[in-house]
Amino acid sequence: MPARPDETVCQALDAFQIELPSWGFANTGTRFGKFIQAAAATNTEEKFADAGQVHKFTGCCPSVAVHVLWDFPAGKASAAETMALAAKSGVRVGAINPNVFQDQIYKHGSLGSPDAEARRAALQHILDSVEIAAVTGSRDLSLWFADGSSYPGTANIRHRKQWFIEGLRATHRRLAEGQRMLVEYKPFEPAFYHTDIADWGMALLMARAAGPKAKVLVDTGHHYQAQNIEQIVAWLLDEDMLGGFHFNDRRYADDDLTLGSIDPYQVFRIFHQIAQYEFETGRRADLAYMIDQSHNLKGKMEEMIQTAMTAQELCAKAALVDHAKLALHQRDADLVDAEECLKSAFATDARPMIQEWRRSRGLAPDPLAAFRASGYLERVTRERAAKAAGAVSSYA
């Protein structure tokens, strides 16, 4: 007998976790400027404290992705301190993100730079990040590169490809048992003529060249307009090369908007591809779900909670698809019935079932309302604003 819808939703939510980005709690902006929020975290301890609040109210965000240069000020020597700060707030250190795009030496690239010294610096930083991952117990090394060129004829594209493969293979050799490296792609920005790892096919080739512990990471904002992201997900799943996601939404390009704010049906279709894969194969897809958004205008903690709630809802809706019935419709090419089978699950109001799941797990049925009623935001806003004013006064 098929499981009841509420049981199906509970099973899906029990298994679903999504990682928070430490950088999403700090002040961010656009290329034109940074927008300051009084409640924004100003150091790693405050980032973890805010992340702990998001997990406390949503119950699905137990880990925090970190950037090495921003969250490990002394590199590997900071690892124990950073882990302690995370544990203090009820979360753990998640994916390790090297930073090979910020320093001046990377002006013309990192692993793909024509400057051998820049390539050496980038590789050493990545290898140091692997060591940090080993200390923190982090499984995933998350690799995104800004490398590319902005003008025709200014870069040897084939040479850069070869340098990347050399660097990724060297990184792969350092991975410990159980560790993975996730290779991300992006079609453009900051390079506007060519990007060294521009699409999922390039990332797939790079990951396969690196070794068996390498997988592809899909950022939902890193695609051209109208690209079928769920097809990419399906292909990577079928090739056993999908490692995880950076979730966000976009209207134009890499807008880093709140998940589901523009096209929730697309996010649902992505979750559906994963659920269908698991139904047909009988295997759980071993994927890392991570948020990667730039919370420039919305309150950072509130937008994180909003994102986690949306992810839970769309994951639950995808779990409600009748995969056995859908498979029959697909086999017989019953186009209308097959599409209606999918749309019926998307149209289901899963929120009452999710609220009941929260109550049964000791969580508030409305995480956002509960967070607002907790007084945490008001308290840290006062404390951080006072600290900022004191710092300005001391400097003056």
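Residues numbered from 1 in each chain as written. Predicted model: local features only at pLDDT ≥ 70, side-chain atom pairs only at ≥ 80, totals over all residues. Heavy atoms only, no water.

Trainee: Mind laying out the nonpolar core, listing which residues take part and the relevant values?
Mentor: Judged by nonpolar contacts, the single largest core of 99 residues is most densely connected at Phe 245, Phe 271 and Ile 274. Tallying contributions element by element places helix H10 (residues 300-319) first for this core, with 10 residues. Once residues within four sequence positions are removed from consideration, Ile 274 is found in contact with Val 233, Leu 237, Phe 245, Ala 285, Leu 287 and Tyr 289. Trp 23, Ala 65, Leu 217 and Met 290 belong to the second-largest nonpolar core, a separate cluster that totals 7 residues. (Core = buried A, V, L, I, M, F, W, Y, C linked by side-chain atoms within 4.5 Å. Buried < 20%, exposed > 50% of the residue type's maximum accessible area, 1.4 Å probe, protein only. Helix = DSSP H or I, 4+ residues; strand = E, 2+ residues; numbered from the N terminus. Contact = heavy atoms within 4.5 Å.)

Trainee: Account for the packing of aromatic side chains, naming residues and giving values.
Mentor: This model, assessed by the stated rule, comprises 18 aromatic pairs. Taking 6.0 Å as the distance between ring centres and 70 degrees as the angle between the ring planes, the aromatic pair formed by Trp 200 and Trp 235 counts as edge-to-face. Taken as a pair, Trp 200 in helix H7 (residues 200-210) and Trp 235 in helix H8 (residues 229-238) lie far apart in primary sequence, 35 residues in all. Taken together, Phe 16, Phe 245, Phe 247, Phe 271 and Tyr 289 form an aromatic cluster joined through their ring pairs. Arg 119 extends its terminal NZ or CZ atom over the ring of Trp 163, reaching a point 4.0 Å from the ring centre. The aromatic ring of Phe 346 is capped on one face by Lys 317, whose charged end is 5.4 Å from the ring centroid. (Phe/Tyr/Trp six-rings, centres within 6.5 Å; stacked < 30°, edge-to-face > 60°. Lys NZ or Arg CZ within 6 Å of the ring centre and 35° of its normal.)

Trainee: Got a sec to walk through the pairing of strand E12 (residues 288-291)? Specific residues and values, please.
Mentor: Across a regular strand the side chains alternate sides, sitting on one face of the sheet and then on the other. Side chains Ala 288 and Met 290 of E12 all project onto a buried face; the interleaved residues Tyr 289 and Ile 291 project onto the opposite face, where all are buried too. Considered for its hand, the β-α-β crossover made up of strand E11 (residues 242-247), helix H9 (residues 264-281) and E12 is right-handed. (Right-handed = clockwise from strand over helix to strand, strands pointing away.)

Trainee: I'd like a rundown of unusual backbone geometry, residues and numbers included.
Mentor: The amide bond that connects Glu 189 to the next residue, Pro 190, takes the cis arrangement and shows omega of 10 degrees. The residue Pro 190 is located in the loop between strand E8 (180-184) and strand E9 (194-195) in this model. A positive phi angle, near 55 degrees, is found at Asp 240, a position not held by glycine. Inspection of the secondary structure puts Asp 240 in the loop between H8 and E11. According to the relative accessible area criterion, Asp 240 is exposed, its value standing at 52%.

Trainee: Go over the layout of surface pockets with me, naming the residues and quoting the values.
Mentor: In this structure, the largest pocket occupies an estimated 1,600 Å³ of space. Along its surface, the largest pocket is lined by 49 residues, and Phe 101, Trp 144, Lys 186, Glu 189 and Asp 256 are the ones closest to its centre. Of all the secondary-structure elements, those providing two or more residues to the lining of the largest pocket are strand E2 (28-30) and strand E7 (148-149). Considered class by class, the residues forming the lining of the largest pocket number 15 nonpolar, 20 polar and 14 charged. Here the second largest pocket defines a volume of roughly 810 Å³. Lining the second largest pocket we find 32 residues, and of these Thr 8, Ala 319, Leu 320, Val 321 and His 323 sit closest to its centre. Sorting the residues of the lining of the second largest pocket by element identifies helix H1 (5-15), H9, H10, helix H11 (323-331) and helix H12 (335-347) as the ones contributing at least two each. Counted by class, the lining of the second largest pocket contains 19 nonpolar, 6 polar and 7 charged residues. (1 Å grid on protein atoms, 1.4 Å probe; cavity = no way out; pocket = protein on both sides within 12 Å on 5 of 7 lines; lining within 4 Å. Points joined across faces, edges and corners; volume = space filled by probe spheres on them. Nonpolar A, V, L, I, M, F, W, Y, C, P; charged D, E, K, R; others polar.)

Trainee: Can you lay out the pattern of salt bridges for me, pointing to particular residues and giving the numbers?
Mentor: A complete count under the given rule lists 26 salt bridges for this structure. For Glu 131, the salt bridge identified is with Lys 76, shortest N-O distance 3.3 Å. With Glu 131 in helix H5 (residues 116-136) and Lys 76 in the loop between helix H3 (68-71) and helix H4 (79-88), this pair connects stretches of sequence that are 55 residues apart. Here Lys 76 falls in the partly exposed class, since its relative accessible area comes to 45%. A salt bridge links Glu 278 to Arg 284; the shortest N-O distance between them is 3.5 Å. Take Glu 278: its relative accessible area is 21%, and that puts it in the partly exposed class. One salt-bridge network, in which partners are shared between bridges, spans Glu 46, Asp 50, Arg 384 and Lys 387. (Salt bridge = Lys/Arg side-chain N within 4 Å of Asp/Glu carboxyl O.)

Trainee: Describe H4, listing the residues and the values that go with them.
Mentor: Listed in full, the buried residues belonging to H4 are Ala 79, Thr 82, Leu 85 and Ala 86. Buried residues of H4 fall within an arc of 130 degrees about the axis and therefore sit on the same side. Among the exposed residues of H4, those oriented more than 90 degrees off its buried face are Ala 80, Glu 81, Ala 87 and Lys 88. Considering only its buried residues, H4 is in contact with helix H2 (44-58), H3, strand E5 (92-97) and H5. At the exit of H4 stands Gly 90, carrying a positive phi of roughly 80 degrees. (Arc of directions from axis to C-beta.)

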